[in-house]
Every structure is written in C-alpha cells, then in structure tokens.
Amino acid sequence: MNIVAVAACTTGLAHTYIAREKLVKAAEARGHTIKCETQGSIGIENELTADDVAAADIVVLAIDVAIDKMERFQGKPTVKVGTSEVVKNPTAFIQKIERAMAKRGVK
Amino acid sequence: MELRDVLTPQMVHTGVDVADKDGAIRYLARVLVDAGYVDDLEAFVADVYLRETEGITGIGGGIAIPHGKSASVTVPAVAVATLAHPIAWETLDGGDVDAVFLFCAGDSNEGAREHLVLLSKVATKLADDDLVVQVRHAQSPEEIVRLMCG
C-alpha cells in the first residue's frame with residue numbers, strides 16, 4: 001500500500017525523527033511505499049504534497065501533539081498513534097495497518 | 001556544518017560509572033555546561049525532568065534520550081555517555097539503559113536551525129538497531145563518533 005505519514009513529538013527534538021525513521025524502515029521492509037513528513041523544532045521537513053496525500057491509501061499520524069495542516073487529510077483513511085508505539089514496535093504497527101486495510105481490499 | 005561538528009569526542013564519554021538515572025542526567029548536563037552549551041546546570045536539569053514527566057525517554061534497546069528545552073541552553077547540542085553498569089530507567093521495552101544521549105535546545109531556536117538539523121540527524125541514526133548495538137559496545141569516544149558520523 002501507499003502510506004503517507006506525519007511524525008511529531010512534544011519537544012520536536014528527538015522522538016519525531018526516530019519515529020519517522022523507524023516507520024519508514026518498517027514500511028519499506030514490508031514492501032510498502034511511504035513518505036513521512038516531520039513537524040519538529042526545525043519546522044516541517046519532507047512536507048507531504050497534495051499529490052502525495054491524494055495518491056495515498058492511508059494516512060498515519062505518529063503524533064503526540066496537535067499538528068499543522070491537518071485539513072489536508074480530510075476524507076482520507078487515517079490512523080493516529082503515539083510516537084512511542086512506532087518507536088517501540090514499528091513492524092507490529094505496520095502489520096496492524098495491513099490487517100485493517102486488507103478488510104478494505106488494499107494490500 | 002556536519003555531524004562531526006556537534007558530535008565531537010569531547011561530547012562523548014564511555015564507561016561512565018553512575019549509580020542511577022539522576023547520576024546519568026547530571027553527569028551529561030555537566031558535560032554540556034563544560035562545553036559551554038548550557039549556562040545554568042540546575043535550571044537545565046529541572047527542565048530535563050520536566051520533559052521526563054511528559055513521556056518515556058527510554059526508547060528501548062538500552063538507549064535513553066532525555067532532553068531539555070531550556071532558557072539555560074545557549075547552543076543546541078547533544079552529550080553522550082555509555083555506562084559501566086546498566087541503570088533503571090522508564091523504557092518502552094521495560095529493560096535497563098546503558099547508553100544515554102542527552103539533547104538540549106533553547107527556548108527560542110532562532111539562529112540555531114543548523115544545529116537543530118544536525119541533532120535531528122543524530123536522532124535519526126538512533127532508529128538503526130544494529131548501529132545502536134555497536135555504539136553501546138564501543139570502547140572509546142572516537143569509535144562512537146566514527147559510528148554515528150559514518
């Protein structure tokens with residue numbers, strides 16, 4: 001499946017970037033396409049475009065705080081999770097999404 | 001600026017002998033003060049503990065990443081210690097911690113973007129489980145710098 005994601009933690013210093021990397025590695029290892037934006041102390045990096053979001057099967061929000069530009073994801077299937085869960089066991093998290101999306105017929 | 005400019009051997013200590021979490025935080029806060037990145041040790045430590053109340057900083061695999069966003073910080077930086085003995089810490093995997101990365105950033109990060117970008121790169125590397133194992137077993141600050149900046 002095609003995943004777009006946003007990672008953001010409270011301080012925006014460390015967890016945000018660890019979560020992004022873990023999410024991307026786990027998703028790619030399971031054969032998915034993923035683009036993950038970060039919203040942290042250096043602002044928005046790797047920003048998702050309207051095309052990225054339009055093409056995505058699912059939006060993953062790995063966030064501990066409210067994020068900017070939420071309106072982009074209106075109407076898209078969205079999963080929200082804390083950065084900790086993604087850092088702790090990214091593969092299990094991706095598998096959970098796979099099961100949920102399989103019910104919608106998306107692989 | 002590159003990773004090597006913020007992660008210097010001076011900021012990395014191996015085989016550090018501390019009794020507990022407080023000892024580790026204070027040891028690394030002192031390293032940041034001595035390097036000139038933090039100007040008030042007690043104020044900074046208080047801000048690190050404030051962040052500790054907001055969520056778990058033990059990310060699993062023996063690594064903890066406490067951090068302080070504090071007016072006492074003059075330049076965003078990171079100090080690293082590998083420990084002589086594992087210590088108890090609140091962690092995502094329930095295990096103890098034997099390597100600590102203490103990050104610091106100012107209240108206002110104006111003009112500090114370049115440093116913050118480099119800190120985000122340090123954090124990104126900590127998502128690499130194999131690299132983390134190598135860092136924990138490294139014998140010298142120079143080896144850790146080489147691993148992290150490779």
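Residues numbered from 1 in each chain as written. Chains lettered and ligands numbered in written order. Predicted model: local features only at pLDDT ≥ 70, side-chain atom pairs only at ≥ 80, totals over all residues. Heavy atoms only, no water.

## A look at the interface of chain A and chain B
Selection rule: We call two residues contacting when some pair of their heavy atoms lies within 4.5 Å. Using a 1.4 Å probe, buried area is obtained as the accessible area two parts lose upon being combined, added over both of them. Any carboxyl oxygen of Asp or Glu that lies within 4 Å of a side-chain nitrogen of Lys or Arg is treated as forming a salt bridge with it. As used in this structure description, the phrase polar contact means that two N or O atoms lie within 3.5 Å; if the pair is within protein, one of them must be able to donate a hydrogen and the other to accept it, and residues adjacent in sequence are counted only when both atoms belong to side chains. Secondary structure elements follow DSSP: runs of H or I no shorter than four residues count as helices, runs of E no shorter than two count as strands, and numbering proceeds from the N terminus.
Opposite the 16 residues of chain A that make contact, chain B presents 24 residues. Summing the contributions of chain A and of chain B, the shared interface buries around 1800 Å²; its carbon and sulfur component is 66%. Area buried by chain A at its contact with chain B is led by Leu13, His15 and Ile42 of chain A, which between them contribute 32% of it. The tally of links from chain A across to chain B stands at three salt bridges. Across the pair Glu45 of chain A and Arg113 of chain B runs a salt bridge whose closest N-O atoms are separated by 2.8 Å. The interface formed by chain A and chain B includes eight residue pairs in polar contact (both at pLDDT 80 or more). Looking at the side of chain A that touches chain B, the element that brings in the most residues is helix H1 (residues 15-29) of chain A, giving six residues.

## Remarks on the packing of aromatic side chains
To be explicit about the condition: Classification of ring pairs rests on two measures: the distance between centres of Phe, Tyr or Trp rings, Trp counted by its six-membered ring, which must be within 6.5 Å, and the angle between planes, read as stacked under 30 degrees, edge-to-face over 60 and tilted in between. Any Lys NZ or Arg CZ that is within 6 Å of a ring centre and within 35 degrees of that ring's normal is treated as a charge sitting over the ring.
Tallying each qualifying case throughout the model produces zero aromatic pairs over all chains. Seen from the ring of Trp89 of chain B, Lys21 of chain B lies directly overhead, with NZ or CZ sitting 5.1 Å from the centre.

## Here's the deal with the pattern of salt bridges
Side-chain pairing between opposite charges can occur once the charged atoms of the two side chains come close. All names here are of chain B. Convention followed: Only protein chains enter the area calculation, which uses a 1.4 Å probe; residues under 20% of their type maximum are buried, those over 50% are exposed, and those in between are partly exposed.
Summed over the entire model, instances satisfying the criterion amount to 15 salt bridges over all chains. With a shortest N-O distance of 2.6 Å, Glu90 and Lys21 are connected by a salt bridge. With a gap of 69 residues between them, Glu90 in the loop between strand E5 (77-87) and strand E6 (97-105) and Lys21 in helix H2 (residues 21-34) connect regions that are remote in the sequence. Judged by relative accessible area, which is 13%, Lys21 ranks as buried. Of the charged contacts, one joins Asp22 and Arg26 as a salt bridge, the two residues approaching to 3.4 Å between their closest N and O atoms. Within this pair, Asp22 and its partner Arg26 are both found in helix H2, separated by four residues, close to a single helical turn.

## A closer look at the side chain of His115 of chain B
Residues and elements named next belong to chain B. As for its position among the elements, His115 is in helix H4 (residues 113-125). In this structure His115 comes out as buried when scored by relative accessible area, which is 17%. Within polar-contact distance, the side chain of His115 engages the backbone oxygen of Pro76 at 3.3 Å. If sequence neighbours within four positions are ignored, His115 has contacts with Met1, Val6, Val75 and Pro76.

## Looking at the pairing of E6 of chain B
Residue and element names in this part refer to chain B. Put simply, the rule reads: Strands pair, by our definition, only if DSSP identifies at least two bridges between them.
Judged by how many residues are buried, E6 sits mostly within the fold: nine of nine residues are covered. Pairing analysis gives two bridges linking strand E3 (residues 63-64) to E6, with the strands arranged parallel. By the bridge assignment, Ala64 is partnered in E6 with Val100. As paired strands, strand E4 (residues 67-69) and E6 are joined by three bridges and run parallel to one another. Along E6, the bridge assignment pairs Lys69 with Ala105. Of the pairings in the sheet, the one linking E5 to E6 comprises seven bridges and is antiparallel in character.

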